[in-house]
Amino acid sequence: MIDNIYNNQLIRFRLIFLFVLFSPFAIYSQEITLERVEPPFWWTGFINTDLQLLVYGKNISTTTVSIDYPGLIIRKINKLSNPNYLFLDLTVGKGTRPGIASFQFKSKGKVIAKYLYELKGRKKGSATRHGFSASDVLYLLMPDRFANGDPSNDNMPGMIETVDRANKDGRHGGDIKGIADHLDYIRDLGATAIWINPLVENNQKVYSYHGYSTTDYYKIDPRFGTNDDYVKLCDGIHQRGMKVIMDMIFNHCGSGHWWMEDLPSADWVNEWPEFTRTNYRAGTASDPYASAADSNVFVRGWFDKTMPDMNQHNPFVINYLIQNSIWWIEYAGLDGIRHDTHPYAFKDMMAEWGKRIAQEYPDFNMVGECWMNFPASVAYWQKDARNKDGYNSWLPSVFDFPMYDAIGKAFNEKDGWNTGILRLYDILTQDLSYANPSNLVVFAENHDVNRFLDSQNIDTRKFKMAMAFILTTRGIPQLYYGSEVLMSTGTDKGDGCKRKDFPGGWPGDPHNAFTSQGRTDTENDMYDYLHRLLQWRKSKEVIHSGKLRHFIPRDGIYAYFRYNAKEVVMVVMNNNEEAKTIDTERYKEFLKKYKAGTEVISGSSIKDLSKLTLAGKSVMIIELK
Ligand code: CA
C-alpha cells in the first residue's frame, strides 16, 4: 500500500477513509472502495475551467457523488462499462478560491468514502512562462545512467526489477539525487536546459531503466525518488538559471500499468485479435498515397508487446493525457515537454493536446520525436505547417532528424558533388518546408542512436566540427550527456551501450569525469572546447535569433554567416584532412564592411580577413569587427 501513496492528498484521504471505515456513523460496505483520484489535485485560475477526474475503486460507479465547495460544480458523472471507474466532469468556476474541497461518495444514502481534493493557487507568472528556445542549449541525460546519488533507493519494495549494474540492459541505480548533485556541472559546462529521459514509474519486469513504459502517469518511479524530489530538482534547475524539459509518452503506456489489469473500457487501448506490432513507418501518417491498411497498422499497432497502444480517440483517454501534461507543467514548473513517438498517436487528438497546452501556456515549447529522414515529412508535424491536407499539429518544435543524418555523414565522407560537408548545406536548403526552422532541435546524437564519436573512428576533430555546427546553425542545439568527456558506445551496439554510466557518477568509480582533475588530458580538451563555445553562445543573440546565409561548399570549405542589425558572425569549416588557406573574396557581400575579427574558440584576433588559414578538419567562428 505504501508504494501507492504518492502525495499528501492521498495520505490524507486514506486517513479519512480509515476514519470513515471505522466510524460508528459510517456504514461499511466491503463491495465499494476508493483507490485513486486523478489528477490527485488541481489549480484554480486556468483559462479552461473544465476538470475531469478519474475515480477508481471497486464498484465506485454505484455511488452517488457530491461536493460542497464554492465555485466547484459537478457538471456530469460519466460511467463507463467497468463499474470500478467514474469520470467526474467538474467546472472550476472563474474566481474559485484555492482550498480543500471534500468529495462525498454515498451508497444507499450513506457516506462510504470521502476525498479531500486540493485546489491550489497558481504561481505568479505561471501562464506566461517562456519555454526553451534557440537561445538555449539542451543537455539530454538518462537518469538511470547519469549518477547514483542515493544507493539506498536502488531497490525498492514493490518495484519488480532490481539493480544490476553488470547488465547493460538492467537498472544501474542512477536517480534524481544524482542529477541534483551535478546540476552545477551541467550549468558550468554551459548548457541552459536539461531534458531528462522519463522519470515516471516504470514497474516493468525488464528494461524498466529507460522509462518509456509508464505504469503510473502521476508518480515518479521510487527508484529515482519521490514526486517531491522531482519538484525540488526542477527548483534547483531554475535556481541555477536553467530550464527543465519533461519527457512524456502518450502513444503507449507500459504493460504493467495499473489500469491494464482492469481497463475502464474495452476501447481504452487499441486492441487487436492477436498481437500486432506497428510497422514503425511514421511516413504513413502524412503520406498522400498511404493505404488504409498501412496507416491503420502504423497508428493502432503496438510499439512493443510491453507497450500497449493507447486509444486517444476515446475522449476520456485524451482528456486524461492532456490534464496529465498540464498537471506536471504546473506542479513542477516545467519549461518544456519532449513528446516521444509523436506521430504514432492519433494525430487529430495530439493536435488537441497541443492546442489545450497552448491555451494555458502560450509561450511554452514542446518538441516531438517525429523520426523521419526527409525534411518535408518532419515539417508536416510542426505547428502552422502549410500542409495540403490542412493538418495543424499544434506542436511548436520537432527534432531535426534529417540534419542528424547529414551531420553523421558530413565530416566522415570525402567531399563530392553531393557528399561530405555539402550534406549540411543541402539539408538547410530544405528549410523552405518548415513553418519555423529556428524552432527545430538540432543534434548529433541522442539516447536512441550510437554515439557520434563511434561512427567517426573516435576522431575528436570531427566531433568538434559537429558541435561547432549545431551550436552556430539555426535552431535549438541538443547535447547528449557524457559526449563532452568522450563517452562512446563501444563495439557492442545494443541500446544499453548507447546509455552507459557517466564515469564518476557511482560511488567508487575509479574514473571521475565530473571534475577537471579526474578527467584525462584528451577528455579535458574536448570538455574545454565545448565549454568555451557554450559559454560564448549564451549571450549571442545573433546566434539565437539572427538570420543565416551560407555559400555553396567548395573543395570541402563551407562558410556561413549569422547576422542581425548589431553584429555578424562568420563560421567557416575546413572538411579536408589537410590545412587550407582560403581566399575570402567570395564572401564579400558580408566581409566588405569588415577588416578584422576575433576567432571565438582560440580567442585570437584576425587582422586581415582577406585570407584565412584553417587546420585540417577544423572550424573557425569569427566575430567580425
Ligand atoms: Ca539510486
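Residues numbered from 1 in each chain as written. Predicted model: local features only at pLDDT ≥ 70, side-chain atom pairs only at ≥ 80, totals over all residues. Heavy atoms only, no water.

S.K.: Describe the overall build of the chain, with residues and values.
M.R.: Within the chain one finds 16 helices and 26 strands. Scaling as 2.2 N^0.38, a compact globule of 625 residues should have a C-alpha radius of gyration of about 25 Å, and the chain matches this with 26 Å. For the chain, the spread of C-alpha atoms along the three principal axes comes to 90 × 60 × 50 Å. Taken over 625 residues, the chain has a buried fraction of 61%. Restricting the contact set of the chain to residue pairs at least 6 apart, pairs at least 24 apart contribute 72%. Total accessible area computed for the chain in this model is approximately 24800 Å², and 53% of it derives from carbon and sulfur atoms. (Helix = DSSP H or I, 4+ residues; strand = E, 2+ residues; numbered from the N terminus. Rg over C-alpha atoms; globule rule 2.2 N^0.38 Å. Buried < 20%, exposed > 50% of the residue type's maximum accessible area, 1.4 Å probe, protein only. Contact = heavy atoms within 4.5 Å. Areas by Shrake-Rupley, 256 points an atom, 1.4 Å probe, with all protein chains shown as cover.)

S.K.: Talk me through the packing of aromatic side chains; I want residue IDs and the actual numbers.
M.R.: Counted according to the given criterion, the structure contains 61 aromatic pairs. Ring centres 5.7 Å apart and planes at 75° place the aromatic pair Tyr-185 and Phe-502 in the edge-to-face group. Separated by 317 residues along the polypeptide, Tyr-185 in helix H4 (residues 183-189) and Phe-502 in the loop between strand E18 (476-480) and helix H14 (521-538) bring together distant segments of the chain. Residue Tyr-185 shares its accessibility class with Phe-502, and that shared class is buried. Between Tyr-380 and Tyr-391, the aromatic rings sit 5.4 Å apart at their centres with planes inclined by 15°, giving stacked as the arrangement. Of this pair, Tyr-380 sits in the loop between helix H9 (375-379) and strand E16 (397-399) while Tyr-391 sits in the loop between H9 and E16, and the two are 11 residues apart along the sequence. For the pair Tyr-380 and Tyr-391, a shared accessibility class is recorded, and that class is buried. Between Arg-145 and the ring centre of Tyr-209, over which it is positioned, the NZ or CZ distance is 4.0 Å. (Phe/Tyr/Trp six-rings, centres within 6.5 Å; stacked < 30°, edge-to-face > 60°. Lys NZ or Arg CZ within 6 Å of the ring centre and 35° of its normal.)

S.K.: Could you give me a rundown of the pattern of salt bridges, with the residues and numbers involved?
M.R.: Counted under the stated rule, the structure contains 41 salt bridges. The partner of Arg-474 in a salt bridge is Asp-431, and the shortest N-O contact between them spans 2.7 Å. Residue Arg-474 is found in the loop between helix H13 (460-470) and E18, and its partner Asp-431 is found in the loop between helix H11 (422-429) and strand E17 (440-443); the two are separated by 43 residues along the sequence. For the pair Arg-474 and Asp-431, one class covers both residues: buried. (Salt bridge = Lys/Arg side-chain N within 4 Å of Asp/Glu carboxyl O.)

S.K.: How would you explain the layout of surface pockets if you had to name every residue and give the values?
M.R.: Of the volumes computed, that of the largest pocket is approximately 780 Å³. Lining the largest pocket are 30 residues, with His-210, Phe-303, Asp-304, Met-307 and Asp-495 positioned closest to its centre. Residues of the lining of the largest pocket, tallied by class, amount to 11 nonpolar, 10 polar and 9 charged. (1 Å grid on protein atoms, 1.4 Å probe; cavity = no way out; pocket = protein on both sides within 12 Å on 5 of 7 lines; lining within 4 Å. Points joined across faces, edges and corners; volume = space filled by probe spheres on them. Nonpolar A, V, L, I, M, F, W, Y, C, P; charged D, E, K, R; others polar.)

S.K.: Could you give an account of the coordination of the calcium ion, with specific residues and numbers?
M.R.: Looking at the calcium ion, the protein donor atoms are Asn-148 (OD1), Asp-150 (O), Asn-153 (OD1), Asp-154 (OD), Gly-173 (O) and Asp-175 (OD), and they sit 2.3 to 2.7 Å from it. One can describe the site at the calcium ion as irregular: its 6 donor atoms subtend angles covering 62 to 163° at the metal. The motif formed by the donor residues of the calcium ion, counted along the single chain, is N-x1-D-x2-N-D-x18-G-x1-D. Taken together, the residues Asp-150 in the loop between helix H2 (143-146) and helix H3 (176-180) and Asp-175 in the loop between H2 and H3 connect sequence positions 25 residues apart. (Donors = N, O, S within 2.8 Å, 3.2 Å for Na, K, Ca; no water. Tetrahedral: all angles 85-135°; square planar, octahedral: opposite > 155°, others 65-115°.)

S.K.: So what's going on with empty space enclosed by the protein? Residues and values would help.
M.R.: A water-sized probe, rolled over the atoms, reveals where empty space remains. For the structure shown, the criterion picks out 5 cavities of 30 Å³ or more. Size it by volume and the largest cavity reaches roughly 70 Å³. Lining of the largest cavity is provided by Val-200, Thr-214, Tyr-217, Met-246, Asp-247, Met-248, Ile-249, Phe-250, Asn-324 and Trp-328. Secondary structure elements with two or more residues in the lining of the largest cavity: strand E13 (243-248) and helix H7 (315-332). Looking at the lining of the largest cavity, the element that brings in the most residues is E13, giving 3 residues. Here the lining of the largest cavity is built from residues that sort into 7 nonpolar, 2 polar and 1 charged. A per-element tally of the lining of the second largest cavity places E13 first, with 3 residues. Split into classes, the residues belonging to the lining of the second largest cavity amount to 7 nonpolar, 1 polar and 1 charged.

S.K.: Residue-level account of H13, with values.
M.R.: In terms of burial, H13 is a largely internal element, 9 of the 11 residues being buried. All buried positions along H13 are accounted for by Lys-462, Phe-463, Lys-464, Met-465, Ala-466, Met-467, Ala-468, Phe-469 and Ile-470.

S.K.: Run through the packing of H7 against helix H8 (residues 347-360), naming residues and quoting values.
M.R.: It is at 10 Å that the axes of H7 and H8 come closest, and there the two elements cross at 35°. When you trace H7 past H8, the crossing you get is right-handed. Only Met-349, Glu-352, Trp-353, Arg-356, Ile-357 and Glu-360 of H8 make contact with H7, whose side of the interface consists of Ile-318, Asn-319, Leu-321, Ile-322, Ser-325, Ile-326 and Ile-329. Classifying every residue of the contact of H7 with H8 by side-chain character gives 8 nonpolar, 2 polar and 3 charged. (Axes fitted to C-alpha atoms, helices over the stretch in contact; angles between N-to-C directions. Left-handed = near helix turned anticlockwise from the far one by under 90°.)

S.K.: Go over the sheet that holds strand E26 (residues 618-624), please, and point to the residues and values.
M.R.: What the 6 strands build is an open sheet, ordered E19-E20-E21-E26-E23-E24; its pairing is antiparallel. In the strand order of this sheet, the two ends are held by strand E19 (547-550) and strand E24 (605-606), each with one partner. Bridge count for strand E20 (residues 557-563) against strand E21 (residues 568-574) is 7 bridges, and the pairing is antiparallel. Bridging from a neighbouring strand, Phe-561 pairs with Met-570 of E21. (Pairing = 2+ DSSP bridges.)

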